Amino acid sequence: MHKLKTFILESYDEMKNKVSWPKYSQLQNSSVLVLIASLIFALFIGLIDYVFQTGMDWFYGEF
């Protein structure tokens, strides 16, 4: 039980004093960047899927 208490206290101390937390504005900028990158990636994958599906429909329609 003593080891668990020590672990929790040390973890709390490390999170409070040793971790460098980003500013709120940096967090917002990073979140916007991730959102935009995810949307671009989703559109790209959707375009590839559409082209592949159209090509397969055409190919199977020929035979």
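This structure is a prediction, so every number in the text was calculated from the model and none was measured.

Each value, and the rule that gives it
- Starting from 1, residues in each chain are numbered consecutively following that chain's sequence as written.
- Local features in this predicted model are restricted to residues of pLDDT 70 or higher, and side-chain atom pairs are both shown and tallied only at a pLDDT of 80 or more, whereas totals for entire chains, interfaces and linings draw on every residue.
- Working from all heavy atoms in the structure, the side-chain values ignore hydrogens and water.
- The secondary structure listing takes helices from DSSP runs of H or I that are at least 4 residues long and strands from runs of E that are at least 2 residues long, numbered from the N terminus.
- Within these notes, the globule rule equals 2.2 Å times the number of residues to the 0.38 power, and the radius of gyration is based on C-alpha atoms.
- For every residue, the accessible area (1.4 Å probe, protein chains only) is compared with the maximum for its type, and the residue is labelled buried under 20%, exposed over 50%, or partly exposed between those bounds.
- Two aromatic rings from Phe, Tyr or Trp, using only the six-membered ring of Trp, form a pair when their centres are within 6.5 Å; if the ring planes differ by under 30 degrees the pair is stacked, by over 60 it is edge-to-face, and anything between is tilted.
- To count toward a patch, a residue needs a relative accessible area over 30% and no salt bridge; like charges are then connected within 9 Å, while nonpolar side chains (Val, Leu, Ile, Met, Phe, Trp, Tyr) are connected within 5 Å.
- With residues, only the protein chains shown are counted as cover, and all accessible areas are computed by Shrake-Rupley using a 1.4 Å probe.
- When a carboxyl oxygen of Asp or Glu lies within 4 Å of a side-chain nitrogen of Lys or Arg, that pair is called a salt bridge.

A.B. asks: Just to check I follow, could you spell out the overall build of the protein chain for this structure?
C.D. replies: Along the protein chain, the regular secondary structure elements total two helices and zero strands. For 63 residues, the compact-globule formula gives about 11 Å, and the C-alpha radius of gyration of the protein chain, at 25 Å, lies well above that figure. With the principal axes as the frame, the protein chain shows a C-alpha extent of 75 × 35 × 10 Å. Per-residue burial over the protein chain gives 0% buried out of 63 residues.

A.B. asks: What is the right way to read the packing of aromatic side chains from this model?
C.D. replies: Aromatic rings in a pair are described by how distant their centres are and how their planes are angled relative to each other. Using the criterion set out here, one finds two aromatic pairs in the structure. For the ring pair F59 and Y60, a centre distance of 5.6 Å and an interplane angle of 70° mean the geometry is edge-to-face. What makes F59 partly exposed here is its relative accessible area of 39%. By relative accessible area, Y60 is classed as exposed at 58%. With a centroid separation of 5.1 Å and an interplanar angle of 65°, the aromatic rings of F59 and F63 are classed as edge-to-face. Among the aromatic residues, those joined into a cluster by ring pairs are F59, Y60 and F63.

A.B. asks: Hey, could you run me through a nonpolar patch on the surface in this one?
C.D. replies: On the surface, M1, L4, F7 and I8 cluster together into a nonpolar patch covering about 510 Å² of accessible area. The topology assignment puts L4 in helix α1 (residues 2-18). Using a relative accessible area of 47% as the deciding quantity, one classes L4 as partly exposed.

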